[in-house]
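Observations on the model geometry
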Amino acid sequence: MSGPLSHIKVLDLSRVLAAPWAAQNLADLGADVIKVERPIKGDDSRAFAPPFLKDEQGNTTRESAYFCAANRGKRSITIDISKDEGQALVRELAKNVDVILENYKVGDLARYGLGYEHIKAINPAIIYCSVTGFGQTGPEKDRPGYDFMAQGMGGLMSVTGERDDLPGGGPQRVGVPIIDLTTGMYASVAICAAIAHRAVSGQGQWIDVSLLDSCVAFLANQAMNYFATGEAPKAIGNAHPNIVPYQTFKTSDGALILACGNDNLFNKFCEIADCVHLSKDPLYSTNGARVKNREAITNILNDIFLKRPTREWVKMLDEAGVANGPINNVAQVFEEPQVLARGMKIELPHAVAGTVPLVGSPMKFSETPIKHEVPPPALGQHTDEILLSVLNKSQDEITSLKTKGIV
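What you see is a predicted model, and the numbers here were worked out from it, not measured in a lab.

Section: the sheet that holds strand E6 (residues 99-102)
Remark on secondary structure: sheet strands pair via backbone hydrogen bonds, oriented parallel or antiparallel. Taken together, six strands build an open sheet; the order of strands is E5-E2-E1-E6-E7-E8 and the sheet is parallel. Strands with a single pairing partner mark the edges of an open sheet, and in this sheet they are strand E5 (74-78) and strand E8 (205-210). Averaged over all pairs of adjacent strands, the angle between their axes in this sheet comes to 20°, without regard to strand direction. Bridge analysis of strand E1 (residues 9-12) against E6 gives three bridges, and the strand direction is parallel. Note that in E6 the partner of Asp12 across the bridge is Leu101. In this fold helix H3 (residues 84-94) packs onto E1, strand E2 (32-37) and E6, with an angle of close to 155° to the strand it touches most, E1.

This is the structure in structure tokens:
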């Protein structure tokens, strides 16, 4: 492996999305990630399907697309941690790694002798990251948590979607499990910070990251809008609460995003849209004025955008240096020349499917570039390899573990 974390070994005891996403980030950064899965069933997300991958003959495999989204760069070993011998194997692995990631319910792994204090006793420098729905403390710490719940409880759904008084209005979740992904990103950052701290102090530590905390943090400017006014923000569709115009507009043949992040961009837009009078009107000449007069300026711009097709607007706005863009579906995203040029679609060989298309990492390094070399693993694909090369088990010991159903 290459990359800035190529010296780091990670034991991934997690499943589904939030913590596996963090472990995948670490793998992208070069870490050697060993993923522990249940025998036979594996990670829960292996059953989040269809769709499944297809092999080179076009036949459907049992490898779910969902699992592949969060598990590239990892090796898979199956271990039954409900059994004493399985727990012992995990502890052996824990002695050989720098980081452990887990997303069991609070206290579950401690029952198996695999909690932070147990692992710290055998590996004092361990960085142990627990990802849960609600955190390790507080009155709701024992509740199970999922992304959808966090989006609702954390306020994100209340500011997402069309206005309540318009058709289709009401709370909406984001179209991807954004809080799982955000929690995974926070966990990745926290782990990297703990690695940096350990490099100067020699100390490991326990990291506690939760879906609800991450959603609350993710409210960002909306939370500050509330703190500043005492009024809870509401959903306003594709508009922005603090910037106008920063929204979608219908064109003569589709739709377009216009993002005038400052008055200068609005002035440039007015020049190419033949509406300079708007930039000189005190009702619309500053962003603050436009926010106050949101409905009026939006109605005016709606009429202007309907005069031309989307691509003509894109060309004009690009030439003027005004931020804009079409609204692509997912297929169109991977036809965008810029997306392709940035290597955001990759293909890797796969043990079952032959090859698997994947989304590449968005992190670009000048000195330690990311190299995507390891595809999402088939269930238990590396069990023998890890037992032999990491734990130095003999072939007889491996056969015995398999016979007992431990691996």
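Overview of the pattern of salt bridges
Taken as a whole and assessed by the stated rule, the structure comprises 22 salt bridges. Among the ionic pairs, Arg198 bridges to Asp98, the shortest N-O distance being 3.2 Å. Of this pair, Arg198 sits in helix H7 (residues 178-201) while Asp98 sits in the loop between H3 and E6; the two residues are 100 residues apart in sequence, bridging distant segments of the chain. For the pair shown, Arg198 and Asp98 are each scored as buried.

Here is what the cut-offs are and how they apply
- Counting of residues starts from 1 at the beginning of each chain's written sequence and follows it residue by residue.
- Where totals are concerned, whole chains, interfaces and linings use all residues; where local detail is concerned, this predicted model gives features only for residues with pLDDT of at least 70, and gives and counts side-chain atom pairs only at 80 or more.
- Excluded from the side-chain calculations are hydrogens and water; all other atoms, namely the structure's heavy atoms, are used.
- In this scheme, strands are said to pair when DSSP sees at least two bridges between them.
- Secondary structure counts use DSSP, requiring at least four H or I residues in a row for a helix and at least two E residues in a row for a strand, with both numbered from the N terminus.
- Fitted lines through C-alpha atoms serve as axes, helices being fitted only where they are in contact, and the angles separating the N-to-C directions of these axes extend from 0 to 180 degrees.
- In this analysis, two residues are considered to be in contact whenever any of their non-hydrogen atoms come within 4.5 Å of each other.
- Definition used for salt bridges: Asp or Glu carboxyl oxygen within 4 Å of a side-chain nitrogen of Lys or Arg.
- Burial classification: accessible surface area is computed with a 1.4 Å probe over protein chains only, and a residue below 20% of its type maximum counts as buried, one above 50% as exposed, and the rest as partly exposed.

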